Amino acid sequence: MHTIHVNLGPRSYDIAIVSGDLTGVGTFARRRVKSDKALVITDENVKGQAERVAEAMRAAGCAVHLAVRPAGEGQKSLAVAGELYDRLVEFQADRRTLVVAVGGGVIGDLAGFVAATFNRGLPLLMVPTTLLAMVDSSVGGKVAVNHPRAKNLIGAFHQPVGVWIDTAVLDTLPDREYRSGLAEVVKYGVIMDADFFSYLEKHQETIIGRDPERVRHIVARCCQLKAGIVEQDEREETGQRAILNYGHTFAHAFESVGRYGSWLHGEAVAAGMSCAARLAQRRGLVPEDVTRRQNDLLRAFDLPIAPKRWPADALLAAMHNDKKALAGQLRFILPCKLGAVAMFDDVSEAEVRNVL
Ligand code: GLY
């Protein structure tokens, strides 16, 4: 087991990275919380894995209820959160009842939001089953549901009590989902680790082939990088954590105008990073080489590097609706070199239109 500690004082926790040991989560959880009840929240796609987690929790002495939701971004709503609160009430949940999220980013955000708000906060355990959730959304405590007009608008910071990552569950992840997760992996290289970016370039074939050793390495490195950022800026107040939003101002607009059905999150992030790099290049922040290397790597992972033919007006309107827009001003994270980015609040609409 490889363990990464996220040092947040009283909210500190461990990220455990294992391979082929989903049931070890029972002991891991019991060592961290005194809960004797757990609500395991999952979706239809990974119901089998969630049942194994539920069994492990029972073996560790917990009474367990399983809530299986349909898959998809549509689940991140207040209405669905309301149904899960009903389940917790029926289960006579108390403040020690553990919420366990077994799934990808949608389930983690939804279950996390329920845990953050029910009874003023329940302990939360993350068991991510997609690459994207392993390297990003399960770590750092951002939880949310969507407002009909903007993604993740209703949310909180609620750190988990632990994150249990079994990289072997990725063996059954659909190829498109796996590649979508690779977009966030590339993101870490561009924003803060040029050596890691080179590693991804060098080993792209074995990474696409899901070589277990490579997968463990990229998951561990991304978690380590993310843990470092979250430790410095837990609530995204100083600008340090905001660098994780590289490509996301564009990506959220692509998801919103595409009505969340068109692209997976990572696909939108890939096209968003490509737009952001081109914008940086036009500003003279980076040479053409940086944009080219990033695009080549994204393309090798079969990810899009340009938006679909969505109207620029609609995309700009969506960007202004995004919660990351401050008092009407769009905010962009742009590369300054490979492995370093900075935040810009002075990007004009014309510059944005140019790269769309
Ligand atoms: N996914 C961006 C963050 O956790 O801050």
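Everything in this summary refers to the structure shown in the same document. Just so we're clear, the structure is a prediction, and the values are computed from it rather than from any experiment.

1. Comments concerning the sheet that holds strand β5 (residues 98–103)
Remark on secondary structure: sheet strands pair via backbone hydrogen bonds, oriented parallel or antiparallel. The seven strands lie next to each other as β1-β2-β9-β6-β5-β3-β4, forming an open sheet whose pairing is mixed. Pairing within the sheet leaves two strands with one partner each, and these edge strands are β1 (2–6) and β4 (63–69). Geometrically, the sheet is characterised by an average inter-axis angle of 15° between neighbouring strands, direction not taken into account. As judged from the two bridges shared by strand β6 (residues 124–128) and strand β9 (residues 162–166), these two strands associate in the parallel manner.

2. A word on the side chain of His265
Along the chain, the position of His265 falls in helix α11 (residues 265–282). For His265, a relative accessible area of 18% gives the class buried. Discounting residues that sit within four places of it in the chain, His265 has contacts with Leu132, Lys151, Ser180, Glu184, His248, His252 and Glu255.

3. Things to note about the state of the cysteines
If you walk through the whole model with that rule in mind, you get zero disulfides. For the unlinked cysteine Cys336, the closest cysteine sulfur is that of Cys275, found at 18 Å.

4. Digging into the site of the ligand
Lining the immediate environment of the ligand, one finds Asp136, Lys142, Lys226, Arg241 and Leu244. Lys142 is positioned such that a nitrogen or oxygen atom in its side chain is 3.0 Å from an oxygen atom of the ligand. Lys226 has a polar side-chain atom sitting 2.5 Å from an oxygen atom of the ligand. Burial of the ligand by the surrounding chains reaches 89%, relative to a free accessible area of 200 Å². Tallied by class, residues from the shell around the ligand come to one nonpolar, no polar and four charged.

5. Observations regarding the pairing of strand β10 (residues 332–337)
On a regular strand, each side chain points to the face opposite its neighbour's, so the side chains alternate between the two faces of the sheet. In the sheet, β10 pairs with strand β11 (residues 340–344) via five bridges, with the strands oriented antiparallel. Note that in β11 the partner of Pro335 across the bridge is Val341.

6. Thoughts on helix α1 (residues 25–32)
Listed as buried for α1 are Val25, Gly26, Phe28 and Ala29. Projection of α1 onto a plane perpendicular to its axis shows the buried side chains occupying an angular sector of 165°, all on one side. Those residues of α1 that are buried are in contact with β2 (13–18), α2 (47–59), β5, β6 and β9.

7. A few points about the environment of Gly61
Position of Gly61 among the secondary structure elements: in the loop between α2 and β4. Distance in space between the C-alpha atoms of Gly61 and Gly339 is 46 Å, their sequence separation being 278 residues. Once residues within four sequence positions are removed from consideration, Gly61 is found in contact with Arg30 and Asp36.

8. Digging into the packing of helix α3 (residues 78–90) against helix α4 (residues 105–117)
The N-to-C vectors of α3 and α4 enclose an angle of 60°; their axes lie 10 Å apart at closest approach. In this view, α3 runs oblique relative to α4, as classed from their interaxial angle. The crossing of α3 and α4 is right-handed. In this structure, α3 contributes Leu78, Val80, Ala81, Leu84, Tyr85 and Leu88 to the contact, and α4 contributes Leu110, Phe113, Val114 and Thr117.

9. With respect to the side chain of Gln75
Position of Gln75 relative to the elements: it lies in the loop between β4 and α3. Separated by 2.7 Å, the side chains of Gln75 and Arg69 make a polar contact.

Definitions and limits used
- Residues numbered from 1 in each chain as written.
- Predicted model: local features only at pLDDT ≥ 70, side-chain atom pairs only at ≥ 80, totals over all residues.
- Heavy atoms only, no water.
- Pairing = 2+ DSSP bridges.
- Helix = DSSP H or I, 4+ residues; strand = E, 2+ residues; numbered from the N terminus.
- Axes fitted to C-alpha atoms, helices over the stretch in contact; angles between N-to-C directions.
- Buried < 20%, exposed > 50% of the residue type's maximum accessible area, 1.4 Å probe, protein only.
- Contact = heavy atoms within 4.5 Å.
- Disulfide = S-S within 2.5 Å.
- Near = heavy atom within 4 Å.
- Polar contact = N/O pair within 3.5 Å; in protein donor to acceptor, adjacent residues only side chain to side chain.
- Areas by Shrake-Rupley, 256 points an atom, 1.4 Å probe, with all protein chains shown as cover.
- Nonpolar A, V, L, I, M, F, W, Y, C, P; charged D, E, K, R; others polar.
- Arc of directions from axis to C-beta.
- Parallel < 35°, antiparallel > 145°, perpendicular 65-115°, else oblique.
- Left-handed = near helix turned anticlockwise from the far one by under 90°.

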